[in-house]
Amino acid sequence: MTTTLNMVKTGKYANDKIIGVRHVQCILCFFCLSLAYAWRVNLSVALVAMSGPSNATEANATLDSSEEAAEFDQLFSFTESEKSYMLSSFFWGYIVTQVPGGYIAQRYGAKMLLMVGLVACAILTLLTPLSLKLGGWQALCVVRVLEGLTQGAVHPATHSLLAKWAPANERGMLATICYSGAQFGTIMMLATSGFIADSFAGWPGIFYFGGLCGFVWVLLWWIFAASTPEEHKRITREELKFIEETRSVGKMQDARKMAPTPWGSIFTSMPFLSLLVVHCTHMWGFWTLLTQIPSYMKNIYSIDIKSSSLLSSLPYTVMMILSFFFVWLSKVLQNNKSISTSFNRKFFNTVGHWIPMLSLIGLGYVPQENSVLAVVLLTLTVGISAATYLGFQVNHIDLSPNYAGTLMGITNAAANVMSGLAPLAVGQIVKHPENVSEWRTVFFVAAFFYFIGNLLFVVFGRTEIQKWDTPDMVDEESIEAGLPLAGDKSRQPIPIANGKP
């Protein structure tokens, strides 16, 4: 036992290889999130490319000039209300499979769940142009709802996988690797969509190219991924031991014999409820920006789609870069023994919410002729949000490693109700897209949500494992005896006899 603990403390298991199997899992999750977010945002940029002149005479002239365009790569005249329905329809399906996805992932493993979900979503992405041609914007909404259903388990399953694979002191870093894939996917879609739309493939190529990439990922996931370290065939004994001894200071339940989910305790837990609120308010602000940036840049600053795609990807490029800067800063703070994990989580969450809040307010007052300042503030608003990866976004695992997938499913479902409402709200507020005062109202609403959500998290948020994470009814065979983390002498393994502590 002494030898084992010394090896854990000195990090021997962790340092045997620069990149371990746990890092490979997170890199695969990185590309999983990249595809998922690229498929989400592809419609917001494709709408700019597929939208034609609103004037009937101009539209007829445009179609007459290109028989090929009239045949398939045609242009459409959507109203702002129709656009808002198309942009929000993804979330109508997405929220439905959040909680079931988390439950399935923690019971049966994340590997198969993610693979099936992304295969289905890839197929639907390929069918998107055809659905629009045959059934109009209503049929496209149906396809987007189905895509949402297939992606609902992505975040809960990723959290469930992290709870099994991530040592506690690497949790922030590994989670950042996984979830920064969201920014990479957004960057690639925003930056390349204009070029794809201008190519021989036209705007349908945005969907075809993205869908085909999904099948490449599925093959790699099938070969190299596993739901838990114990199930992976290529992991070394040393890395497996390191993960088992350091992923939690509590007890990890066997997925096959997990105690019933303690719903009552979860929904009466103030730390969890504050997490739920901050997740909801964050997603309102974040997805307002994500879905509306192309339209805002076009209508306020008169930037064409190619320039808009490149400029729109800039905030997410900065966000991806800053996410790893914040990981480094978190490590520096962790080395200071006087700084607690709770302070660490709340500090980064505050940076990721209240700085964007201030920059959003400023963005509402940028004059139309000052496009440079608008881009700077927009970049700051989105980029600084990366700090939340080390804030509320890993707090589910802090509170309950055993039920992290379910907790993420609950909060992400509620948060994505807000994500679905945000584009609808924009559609109701912005009746005249060239009117900057209407956009100003949109930014003020998002700033208000950022303020309230973080305030509640700072006051009520916690990082200690909650008592309900390991119910008393769990027997000896369905738990894994917890050992103290490196440097933590306050928690000792509880001896078990006859199934009782």
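For the structure, see preceding data.
Bear in mind the structure is a predicted one, so any value in this text is a computation, not a measurement.

Colleague: Provide a residue-level description of the overall build of the protein, including the pertinent values.
Modeller: What the protein contains, in helices and strands, is 21 helices and two strands. Relative to its full complement of 501 residues, the protein shows a buried share of 57%. When the accessible surface of the protein is split by element, carbon and sulfur atoms take 65% of a total near 20700 Å².

Colleague: Report on the packing of helix 8 (residues 110-151) against helix 12 (residues 204-224), specifying residues and quantitative values.
Modeller: At a closest axis distance of 8 Å, the pairing of helix 8 and helix 12 adopts a crossing angle of 160°. Taken together, the axes of helix 8 and helix 12 are roughly antiparallel relative to one another. Along this stretch, helix 8 crosses helix 12, giving a crossing that reads as left-handed. Per-class residue counts for the contact of helix 8 with helix 12 are 19 nonpolar, four polar and one charged.

Colleague: I'd like a description of a nonpolar patch on the surface, backed by residues and values.
Modeller: A cluster of nonpolar side chains, contributed by Met112, Val116, Val216, Leu219, Leu220, Trp222, Ile223 and Phe224, occupies part of the molecular surface with about 750 Å² of accessible area. Looking at the nonpolar patch, the elements with two or more residues in it are helix 8 and helix 12. Examining the composition of the nonpolar patch, we find that six residues originate from one element, helix 12, more than from any other. Along the polypeptide, leucine 220 turns up in helix 12.

Colleague: Provide a residue-level description of helix 6 (residues 80-94), including the pertinent values.
Modeller: With 15 residues, helix 6 extends 22 Å between its outermost C-alpha atoms, agreeing within 8% with the 21 Å of an ideal straight helix rising 1.5 Å per residue. Of all the bends in helix 6, the greatest, near 35°, is centred on serine 88. Three or more residues of helix 6 are buried, namely Glu82, Ser84, Met86, Leu87, Ser88, Ser89, Phe90, Phe91, Gly93 and Tyr94.

Colleague: Account for the side chain of histidine 155, naming residues and giving values.
Modeller: Looking at the secondary structure, you find histidine 155 in helix 9 (residues 154-165). According to the relative accessible area criterion, histidine 155 is buried, its value standing at 5%. Once residues within four sequence positions are removed from consideration, histidine 155 is found in contact with Leu33, Tyr37, Arg40, Tyr94, Tyr179, Met408 and Asn412.

Colleague: I'd like a description of the packing of aromatic side chains, backed by residues and values.
Modeller: All told, the structure shown has 23 aromatic pairs when counted by the stated rule. When the ring of phenylalanine 91 is compared with that of tyrosine 94, the centres are 6.3 Å apart and the planes differ by 85°; the resulting orientation is edge-to-face. Of this pair, phenylalanine 91 and tyrosine 94 both sit in helix 6, three residues apart, roughly one helical turn. For tyrosine 94, a relative accessible area of 0% translates into the label buried. Aromatic ring contacts, followed pair by pair, group Phe325, Phe326, Trp328, Phe343, Phe347 and Phe348 into a single cluster. Geometry around tyrosine 37 places arginine 40 over its ring, the cationic atom sitting 4.2 Å from the centre. Directly above the ring of tyrosine 365 sits arginine 440, whose terminal nitrogen or CZ lies 4.4 Å from the centroid.

Colleague: Which residues make up the pattern of salt bridges, and what values go with them?
Modeller: The full count for this structure, using the stated rule, is seven salt bridges. Among the salt bridges present, the one from glutamate 147 reaches arginine 144, with a minimum N-O distance of 3.4 Å. Residue glutamate 147 and its partner arginine 144 are both found in helix 8; the two are separated by three residues, about one turn of the helix. With relative accessibility at 3%, the residue arginine 144 sits in the buried group. The closest approach of N and O atoms between arginine 345 and aspartate 398, which form a salt bridge, is 2.6 Å. With a gap of 53 residues between them, arginine 345 in helix 17 (residues 341-363) and aspartate 398 in helix 19 (residues 395-399) connect regions that are remote in the sequence. This pair shows no difference in class: arginine 345 is buried, exactly as aspartate 398 is.

Colleague: Can you tell me about the packing of helix 3 (residues 21-50) against helix 8, naming the residues and giving the values?
Modeller: Following both chains from N to C, one finds helix 3 and helix 8 inclined at 10°, their axes separated by 9 Å at the closest point. With respect to helix 8, the axis of helix 3 lies roughly parallel. The segment helix 3 lies against helix 8, with Cys32, Leu35, Ala36, Trp39, Arg40, Asn42, Leu43 and Met50 engaging Leu114, Leu118, Cys121, Ala122, Thr125, Leu132, Leu140, Arg144, Glu147 and Gln151. Taken together, the residues that form the contact of helix 3 with helix 8 break down as twelve nonpolar, three polar and three charged.

Colleague: Describe helix 3, listing the residues and the values that go with them.
Modeller: For helix 3, with 30 residues, the first-to-last C-alpha span of 43 Å sits near the 44 Å given by 1.5 Å per residue. At valine 41, helix 3 shows its maximal kink, close to 35°.

Each value, and the rule that gives it
Counting of residues starts from 1 at the beginning of each chain's written sequence and follows it residue by residue. The predicted nature of this model means local features are confined to residues of pLDDT at least 70 and side-chain atom pairs, given and counted, to a pLDDT of 80 or more, with totals for whole chains, interfaces and linings taken over all residues. With hydrogens and water stripped out, all remaining heavy atoms of the structure feed into the side-chain values. Each helix corresponds to a stretch of at least 4 residues labelled H or I by DSSP, and each strand to a stretch of at least 2 residues labelled E; elements are numbered beginning at the N terminus. Exposure is judged per residue with a 1.4 Å probe applied to protein chains only, and the accessible area is read against the type maximum: over 50% gives exposed, under 20% gives buried, and values in between give partly exposed. Where accessible areas are quoted, they stem from the Shrake-Rupley method and a 1.4 Å probe; at the residue level, only the protein chains shown are allowed to cover. Lines fitted to C-alpha atoms define the axes, with helix axes restricted to the stretch in contact, and inter-axis angles between N-to-C directions lie between 0 and 180 degrees. Throughout, the term roughly parallel applies to angles under 35 degrees, roughly antiparallel to angles over 145, roughly perpendicular to angles from 65 to 115, and oblique to all others. By convention, the crossing between two helices is left-handed when the near helix turns anticlockwise from the far helix through less than a right angle, and right-handed when the turn is clockwise. Three classes are used: nonpolar for Ala, Val, Leu, Ile, Met, Phe, Trp, Tyr, Cys and Pro, charged for Asp, Glu, Lys and Arg, and polar for all others, with Gly counted as polar. Here a patch means residues that are over 30% exposed by relative accessible area and free of salt bridges, tied together within 9 Å if like-charged and within 5 Å if nonpolar (Val, Leu, Ile, Met, Phe, Trp, Tyr). Any Lys or Arg side-chain nitrogen located within 4 Å of an Asp or Glu carboxyl oxygen qualifies as a salt bridge. How far a helix is expected to stretch is found by multiplying one less than its residue total by 1.5 Å. Here the bend at a residue is taken as the angle between two axes, fitted respectively to the seven residues that end there and the seven that start there. Contact definition: two residues touch when any of their heavy atoms are within 4.5 Å. To pair, rings of Phe, Tyr and Trp, with the six-membered ring standing in for Trp, must have centres within 6.5 Å; the planes then decide the type, stacked if under 30 degrees apart, edge-to-face if over 60, and tilted in the middle. Look at NZ for Lys and CZ for Arg. If either is within 6 Å of the ring centre and within 35 degrees of the ring normal, a charge sits over the ring.

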